[in-house]
Amino acid sequence: GNMVEWCLPQDIDLEGVEFKSMASGSHKIQSDFIYFRKGLCFGLACFANMPVESELERGARMKSVGILSPSYTLLYRYMHFLENQVRHQLEMPGHYSHLEAFYDDKKGVLPDSKGTPTSQQPVHWLPSIHRYMYPEMKITHPAGCMSQFIKFFGEQILVLWKFALLRKRILIFSPPPVGVVCYRVYCCCCLANVSLPGLGGTVPESKPFFYVNVADIEMLETEVSYVACTTEKIFEEKRDLYDVYVDNQNVKTHHEHLQPLLKINNADKEKYRRLNDQRQMLMYSQEVGEDCSSCEEDLFILFFMEQNNRIFQTLMEVSASQDKTLTADHARGMGLDPQGDRSFLMDLLEVYGIDVMLVIDNPCCT
């Protein structure tokens, strides 16, 4: 089995991290990277596999070198260092001087894993829309992968958006390599961003758990909302652990009341068309040299944030009005399909505790 051969500081609780930093099934691939969560910390590890002429090691030497941090937003900066170090550890096992120097240079005070509850920790996944950050945001950083994410899922992105906004437990399955799948976890969380003040203090945080395995089952049983990925097919059978299961581009749910959300409606198609139109305009303006400061990642994150803000702004205005009646016109104004999104709207009102009355005509009467 996997084992931790070296770490700093030596007194840190790393139980289970040997399975988080090396995805199940990794022996079939040459290299990978993996984001994971350990207590209140996030980790990034780089994995590599090298053939060796050794019966003891069964012809292959496999190692992961990883780091833990209270936030994952800057872990990508150390990806290159970790890739070099895992190669170094494969070729010269037991030489840790570079890792020691790295730790001495970067170390900070980690939060006590038994201390403050997660709800009082800062929410690290909310992206900051600041221009100065973007030169570094490329595919090697989770925030640089939104365009690949949307190209991969196509219109299904709108199905994932609804589940993310409803704070469902979303589990993404994929065989190794798992690095790009960890990015999909991050992107799913970004779909649910809302920047309106005072919204949903009681709403569960949408937590990116990144890579999980069977050792995390006990922890996942207590979570009411998360987004995670796994390489272990056994999870598909454990239906009590998730609400939404994503296998390749196939999004499914075993909950009957969520089934209507899997269907792409006309409003979804219109949103997807608008998103693609905005992308084309951005690419054209970059080609003709008019706008080099905007970036695709801005566009995607802002597109969904503005969409979410519009929905909640309308819902809060209606709940503050005298008759509290939400009509088909309100739904259209929010960019939703009055019929196709009816069950989504009802779930949304319940999850966020918004007091309005939904009055949308029955399709047989329109």
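Refer to the structure printed above.
All figures in this text were calculated on a predicted structure; none of them were measured in a lab.

1. Observations concerning the overall build of the protein chain
Part 1: Across its full length, the protein chain carries eleven helices and ten strands.
Part 2: Per-residue burial for the protein chain yields a buried fraction of 50% across its 366 residues.
Part 3: Summed over all atoms, the accessible surface of the protein chain reaches about 18300 Å², with 52% contributed by carbon and sulfur.

2. Some points on the packing of aromatic side chains
Part 1: All told, the structure shown has 18 aromatic pairs when counted by the stated rule.
Part 2: Where Trp 6 meets Tyr 96, the ring centres are 5.0 Å apart and the plane angle is 15°; that geometry is what we call stacked. Taken together, the residues Trp 6 in the segment before helix 1 (17–20) and Tyr 96 in the loop between helix 2 (79–91) and helix 3 (97–106) connect sequence positions 90 residues apart.
Part 3: A relative accessible area of 25% places Trp 6 in the partly exposed class.
Part 4: With a relative accessible area of 18%, Tyr 96 lands in the buried category.
Part 5: Consider the rings of Tyr 35 and Phe 210, whose centres lie 5.4 Å apart with planes at 35°: the pair is tilted. Separated by 175 residues along the polypeptide, Tyr 35 in strand 1 (residues 31–38) and Phe 210 in strand 5 (residues 208–211) bring together distant segments of the chain.
Part 6: Tyr 35 sits in the buried class, given a relative accessible area of 0%.
Part 7: With a relative accessible area of 0%, Phe 210 lands in the buried category.

3. Some remarks on unusual backbone geometry
Part 1: For the bond from Leu 8 to Pro 9, the omega torsion is -10°, close enough to zero to count as cis.
Part 2: By secondary structure assignment, the location of Pro 9 is in the segment before helix 1.
Part 3: Cis rather than trans, the peptide bond between Pro 176 and Pro 177 has omega equal to 0°.
Part 4: Inspection of the secondary structure assignment puts Pro 177 in the loop between strand 4 (169–173) and helix 6 (179–190).
Part 5: Non-glycine residue Arg 167 carries a positive phi angle of around 60°.
Part 6: Position of Arg 167 among the secondary structure elements: in the loop between helix 5 (156–165) and strand 4.
Part 7: Phi is positive for Lys 324, close to 55°, though the residue is something other than glycine.
Part 8: Summarising the element assignment, Lys 324 is placed in the loop between helix 9 (296–320) and strand 9 (325–326).
Part 9: For Lys 324, a relative accessible area of 28% puts it in the partly exposed group.

4. Quick look at the pattern of salt bridges
Once the charged atoms of two side chains with opposite charge are near each other, the side chains can pair.
Part 1: Throughout the structure, instances matching the rule amount to 16 salt bridges.
Part 2: Between Lys 38 and Asp 13 there is a salt bridge, and its shortest N-O distance comes to 3.9 Å. Separated by 25 residues along the polypeptide, Lys 38 in strand 1 and Asp 13 in the segment before helix 1 bring together distant segments of the chain.
Part 3: Residues Lys 233 and Asp 247 are paired through a salt bridge, measuring 2.8 Å at the closest nitrogen-oxygen approach. Here the residue Lys 233 occupies a position in the loop between strand 6 (226–230) and strand 7 (244–247), and Asp 247 occupies one in strand 7, the gap between them amounting to 14 residues.

5. Quick word on the nonpolar core
Part 1: Counting residues in each nonpolar core, the largest one holds 94 residues, and the members touching the most others are Phe 149 and Leu 315.
Part 2: If you count residues domain by domain, this core takes at least three from each of domain 1 (15–101) and domain 2 (138–315).
Part 3: Ignoring anything within four residues of it in the chain, the contact list for Phe 149 reads Ile 157, Leu 160, Arg 184, Cys 187, Cys 188 and Leu 191.
Part 4: Membership of the second largest hydrophobic core comes to twelve residues, among which are Leu 171, Ile 217, Tyr 226 and Leu 241.

6. Focus: the state of the cysteines
Part 1: In the structure shown here, the tally under the stated rule is zero disulfides.
Part 2: Cysteine Cys 145 remains unbridged, with the sulfur of Cys 187 as its closest cysteine sulfur at 3.1 Å.
Part 3: Under the relative-accessibility criterion, Cys 145 is labelled buried at 3%.
Part 4: There is no disulfide at Cys 188, and the cysteine sulfur nearest it, in Cys 189, is 7.0 Å away.
Part 5: You can call Cys 188 buried: its relative accessible area is 0%.

Parameters and conventions
Residues numbered from 1 in each chain as written. Predicted model: local features only at pLDDT ≥ 70, side-chain atom pairs only at ≥ 80, totals over all residues. Heavy atoms only, no water. Helix = DSSP H or I, 4+ residues; strand = E, 2+ residues; numbered from the N terminus. Buried < 20%, exposed > 50% of the residue type's maximum accessible area, 1.4 Å probe, protein only. Areas by Shrake-Rupley, 256 points an atom, 1.4 Å probe, with all protein chains shown as cover. Phe/Tyr/Trp six-rings, centres within 6.5 Å; stacked < 30°, edge-to-face > 60°. Salt bridge = Lys/Arg side-chain N within 4 Å of Asp/Glu carboxyl O. Core = buried A, V, L, I, M, F, W, Y, C linked by side-chain atoms within 4.5 Å. Domains from an automatic or database assignment. Contact = heavy atoms within 4.5 Å. Disulfide = S-S within 2.5 Å.

Geometric values such as these leave the question of function open.
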